[in-house]
Amino acid sequence: MAQKIIVVGASGLIGSTVAQALEQQQHEVIRASRSSGERVDMSDPASVRDLFERVGPVDAVVSCAGGAPFKHVTELTAEDYMAGLRDKAMGQINIATEALSRLTDGGSITLISGVLTTVPIHGSVASAVANGAVESYVRTAAAELPRGLRINAVSPTVLREATGYHPSFPGFRQVPASDVAQAFVRSIEGVQSGEIFPVWA
């Protein structure tokens, strides 16, 4: 059954691929990002609220956005950690929080974490902290969601197409963005909740 779906971060590689995959499944996709489509700054709750007010009720919400500083643990400051938490963790939690009252019954929320939650590379500490917060939120929030709502996260490894990052991930198998997109489709069209879907090859 066709759904109306917001994809936040749709201007990025993963987000645009997810949006295309959902459109191929005949869903109505609203593309949102800081720079194009429906504009939103997910670190600002008022901006997130405004997005949902413009778009109206939806059946699913997807976030493919958020980042954190890459620095050695001895160089990270409190502000570096907070920057990652504000963007990658609280930004997505802001989206999920607003979505709870905007989703139709039985709707879904799918966030994004990443392989660095559990598999470290040099400079990945702040990302791991932010990703871990996202995954903890998903697992615990799922137990309390009303109206048959579901929430999951997709955890990708480095993308085959993101060649600029390959040297930072020595020995990692790269996955195509299309494989990551299918994990989002699985979350949206499936029945699971409170799950982390790894796409690690």
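Small disclaimer: the values here were computed from a predicted structure and weren't measured.

Rules and cut-offs
- Residues numbered from 1 in each chain as written.
- Predicted model: local features only at pLDDT ≥ 70, side-chain atom pairs only at ≥ 80, totals over all residues.
- Heavy atoms only, no water.
- Axes fitted to C-alpha atoms, helices over the stretch in contact; angles between N-to-C directions.
- Helix = DSSP H or I, 4+ residues; strand = E, 2+ residues; numbered from the N terminus.
- Parallel < 35°, antiparallel > 145°, perpendicular 65-115°, else oblique.
- Left-handed = near helix turned anticlockwise from the far one by under 90°.
- Contact = heavy atoms within 4.5 Å.
- Nonpolar A, V, L, I, M, F, W, Y, C, P; charged D, E, K, R; others polar.
- 1 Å grid on protein atoms, 1.4 Å probe; cavity = no way out; pocket = protein on both sides within 12 Å on 5 of 7 lines; lining within 4 Å.
- Points joined across faces, edges and corners; volume = space filled by probe spheres on them.
- Pairing = 2+ DSSP bridges.

Peer 1: I'd like to hear about the packing of helix 2 (residues 45-55) against helix 3 (residues 78-99), residue by residue, with values.
Peer 2: Where helix 2 contacts helix 3, the two axes come as close as 9 Å, and the packing angle between them is 45°. When the axes of helix 2 and helix 3 are compared, the pair comes out oblique. For the pair helix 2 and helix 3, the sense of crossing is right-handed. Contact residues: helix 2 offers Pro45, Val48, Arg49 and Phe52, while helix 3 offers Asn94, Ile95, Glu98 and Ala99. Taken together, the residues that form the contact of helix 2 with helix 3 break down as five nonpolar, one polar and two charged.

Peer 1: Lay out the layout of surface pockets with the relevant residues and their values.
Peer 2: Estimates place the volume of the largest pocket at around 840 Å³. Lining the largest pocket are 34 residues, with Ile14, Gly66, Gly67, Lys88 and Tyr165 positioned closest to its centre. A breakdown of the residues in the lining of the largest pocket according to their chemical character gives 18 nonpolar, twelve polar and four charged.

Peer 1: Pulling in residues and values, what's your account of the sheet that holds strand 1 (residues 4-8)?
Peer 2: What the seven strands build is an open sheet, ordered 3-2-1-4-5-6-7; its pairing is parallel. The open sheet is flanked by strand 3 (38-39) and strand 7 (196-199), the only strands paired with a single partner. Sheet topology places strand 6 (residues 150-156) next to strand 7; four bridges connect them, and they run parallel. Among the inter-strand pairings, Pro156 is bridged to a residue of strand 7, identified as Val199. Sheet contacts for helix 3: strand 1, strand 4 (58-63), strand 5 (103-112) and strand 6; angle to strand 5, the most-contacted strand, approximately 175°. Its contacts with the sheet put helix 4 (residues 125-141) on strand 5, strand 6 and strand 7, and the angle it makes with strand 6 is roughly 150°.

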